[in-house]
Amino acid sequence: MLQKIKELFSNNISVINLGIESFSTDLQSQNVKSIHVRWKPPASGNQELINLLSALYTDEVESANLKVLEIIANGHPKLIGLGIAKEVIPNFTEKTILHAGPPVTWKNMCGPMRGAVIGGLIYEGLAKEVNDAEKIASTEITFSPCHHFRTVGPMAGIVTASMPVWIVKNDAYGNFAYATMNEGLGKVLRFGAYGAEVIQRLNWMRDELYPILKQSLDIKGEIDLRILISQALQMGDECHNRNKAFTSLFLREIAPAIARTDFSNEQKAKVLEFIHTNDHFGLNLSMPASKSIMEAAEGIENSTIVTTMARNGTEFGIRVAGSKGKWFTAKSPKVRGLYFPGYTENDAALDLGDSVITETTGIGGFAMACAPAIVGFVGGKASDALDYSEQMYQITLSESKHFQIPALNFRGTATGIDIRKVIETGILPIINTGIAHKNAGVGQVGAGLVNPPMECFEKALQNFKK
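Quick caveat, the model's predicted, so the values are computed rather than measured. (Residues numbered from 1 in each chain as written. Predicted model: local features only at pLDDT ≥ 70, side-chain atom pairs only at ≥ 80, totals over all residues. Heavy atoms only, no water.)

A. Expanded view of the overall build of the protein chain. When helices and strands are counted, the protein chain shows 17 helices and 17 strands. Once the C-alpha set of the protein chain is aligned to its principal axes, its extents read approximately 90 × 50 × 45 Å. By residue count, 56% of the 466 residues in the protein chain fall in the buried class. Long-range pairs, those at least 24 residues apart, make up 71% of the contacts in the protein chain between residues at least 6 apart in sequence. For the protein chain, the exposed area adds up to about 19500 Å²; of that, 50% sits on carbon and sulfur atoms. Where the 45 positive side-chain charges of the protein chain centre and where its 47 negative ones centre are 1 Å apart. (Helix = DSSP H or I, 4+ residues; strand = E, 2+ residues; numbered from the N terminus. Buried < 20%, exposed > 50% of the residue type's maximum accessible area, 1.4 Å probe, protein only. Contact = heavy atoms within 4.5 Å. Areas by Shrake-Rupley, 256 points an atom, 1.4 Å probe, with all protein chains shown as cover. Lys, Arg positive; Asp, Glu negative; His and termini not counted. Charge placed at Lys NZ, Arg CZ, Asp CG, Glu CD.)

Next comes the structure, spelled out in structure tokens:
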């Protein structure tokens, strides 16, 4: 035996290290080739979760997941029109206000969401000042998650009765999804700002932008959003925090129709300029497109695939296809990000918004390899973007046949987040997102990366035991 050990150490040794990384770095410091493998026990060694995982690798679950993957793959979102929220979203009332994330009361809302509600009430003419709005919000308003109304909203996600909303139809299954139009960055309602400039912009969007775009869509006809997203991914977007290509593609589609409307040249020029100067205008189209794809997959019994991820600035929530309508929540995490001049992480609200529906569908953070330039906005290196996209294949069950990553030889984006794989590997979905100021009335202060709490996935898994 000793002879064999001597022979072993007399040769060049390459080491694969599992567990504590310092063993590997010590070897490397002594010029020994060593590769560290980031491995940990399934479910971090939690025996209850391991037993649950074992029980969920069944033919019934695999069959249900295949059905969900088929629905996602077939999803075909098309923009078919614009309308006013109370007129086109079923069951919407004058005193309904939708918000991002899982259910939350006015009392427990975070600062930016409260700010957006205040702004929404002033915009609706239900309040004239902050004190009036706070009183009305606490006594007269019915709050509900956007997701309960087939709607999605970025950041605070506030949707009020007279706001214009995009109407998106999933052509494969006939279901609809809705979202407001994007206001731009900085001091905007979705980041909790409610000053005069915010209300003035919202009024212009309702009174001029909306009727011009609505008439333009009537002239143009439906726009295939799946194709636009697919093309944008090839052009450097990931369609969550980078939408420059998507917005440009949309502008190419709609501009000729805008020119043919019967509004004044000055009004049409202002609309074109607004879209041209707002690189995030496409976000509020990629979101309802994603929502329409994922909602069609809800309610497939026994499926362990995530259909919703969303956060309200207080809690992060997920929903799973096999547990239709049920939220699994935990405290919203902090975002790891870059901040605008004059702001630090001490100013930041917790993670917020429905825009993570893009990651749920397999774009956004899951497609960061398409958009290396995004790291200049959210932090990190270009190689990190590639790593994030590759890592997501470990927690998903399929690859998109529509959304592809050029840098990975046009491999389809990781699609179909499986709660079993998340818990088994300990790898959490990667999300890139904006950061709102923690106080009402301020607006956006940065952008960054974040992961959902593992607790959400553990609760979803434990629900299958019932």
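B. Main features of a nonpolar patch on the surface. A cluster of nonpolar side chains, namely Ile-16, Leu-18, Ile-35, Val-37 and Trp-39, defines an oily patch on the protein surface of about 530 Å² accessible area. Secondary-structure elements contributing two or more residues to the nonpolar patch are β1 (14–18) and β2 (33–37). Residue placement: Ile-16 occurs in strand β1. (Patch = residues over 30% accessible without salt bridge, like charges linked within 9 Å, V, L, I, M, F, W, Y side chains within 5 Å. Salt bridge = Lys/Arg side-chain N within 4 Å of Asp/Glu carboxyl O.)

C. Summary view of the packing of helix α6 (residues 111–123) against helix α7 (residues 130–139). Between α6 and α7, the least distance of the axes is 9 Å, while the angle of their chain directions is 100 degrees. For the element pair α6 / α7, the angle class is roughly perpendicular. Facing α6, whose interface residues are Val-117, Ile-118 and Leu-121, α7 presents Val-130, Ala-133, Glu-134, Ile-136 and Ala-137. Considering only residue class, the contact of α6 with α7 consists of seven nonpolar, no polar and one charged. (Axes fitted to C-alpha atoms, helices over the stretch in contact; angles between N-to-C directions. Parallel < 35°, antiparallel > 145°, perpendicular 65-115°, else oblique. Nonpolar A, V, L, I, M, F, W, Y, C, P; charged D, E, K, R; others polar.)

D. Fine view of the sheet that holds strand β11 (residues 328–331). Reading across the sheet, the four strands line up as β11-β10-β9-β13 and stay open at both edges, with antiparallel pairing between neighbours. Looking at strand neighbours, the two that pair on one side only are β11 and β13 (352–353), the edges of this open sheet. By the bridge criterion, two bridges tie strand β9 (residues 306–312) to β13 in an arrangement that is antiparallel. Paired with Asn-312 across the bridge in β13 is Leu-352. (Pairing = 2+ DSSP bridges.)

E. Structural detail: the packing of aromatic side chains. The tally for this structure, following the rule as stated, stands at seven aromatic pairs. Note on Phe-92 and Phe-149: the rings are 6.1 Å apart at their centroids and 70 degrees apart in plane angle, and the pair reads as edge-to-face. Here Phe-92, found in the loop between α5 (85–88) and β4 (96–99), pairs with Phe-149, found in the loop between β5 (142–145) and β6 (164–170); they are 57 residues apart in sequence, far enough to count as distant. Taken as a pair, Phe-92 and Phe-149 share a single burial class, namely buried. Geometrically, the ring pair formed by Trp-166 and Phe-281 is edge-to-face, given 6.0 Å between the ring centres and 90 degrees between the ring planes. Taken as a pair, Trp-166 in strand β6 and Phe-281 in the loop between α11 (265–276) and α12 (283–295) lie far apart in primary sequence, 115 residues in all. Here Trp-166 matches Phe-281 in class, with each residue buried. Put simply, the rings of Trp-166, Trp-204, Phe-250, Phe-274 and Phe-281 touch in pairs and so form one group of aromatic residues. Above the face of the Trp-106 ring, Arg-114 is positioned so that its terminal group lies 4.2 Å from the ring centre. Against the face of Tyr-57 rests Arg-420, its NZ or CZ located 4.2 Å from the ring centre. (Phe/Tyr/Trp six-rings, centres within 6.5 Å; stacked < 30°, edge-to-face > 60°. Lys NZ or Arg CZ within 6 Å of the ring centre and 35° of its normal.)

F. Layout of α11. Look at α11: 16 Å from first C-alpha to last across twelve residues, which is about the 16 Å you get at 1.5 Å a residue. Buried residues of α11: Lys-268, Val-271, Phe-274 and Ile-275, and no others. Seen from one end, α11 has its buried residues packed into an arc of 125 degrees, which puts them on one side. Residues of α11 that are exposed and angled more than 90 degrees away from the buried face: Asn-265, Glu-266 and His-276. Where α11 is buried, its residues touch α8 (196–220) and α10 (244–259). (Expected span 1.5 Å × (residues − 1). Arc of directions from axis to C-beta.)

G. Representation of the nonpolar core within the structure. If you look at the biggest cluster of nonpolar residues, it comprises 116 residues, and the most contacted ones within it are Trp-166, Leu-213, Phe-250, Ile-318 and Phe-457. Here the element with the most residues in this core is α8; it accounts for ten residues. Not counting the four nearest positions on each side in its chain, Phe-457 is found in contact with Val-306, Met-309, Ile-318, Ile-417, Ile-419, Val-422, Ile-423, Leu-428, Pro-429 and Pro-452. Counting residues in hydrophobic clusters, the runner-up holds 17 residues, among them Leu-283, Ile-293, Ala-297 and Ile-357. (Core = buried A, V, L, I, M, F, W, Y, C linked by side-chain atoms within 4.5 Å.)

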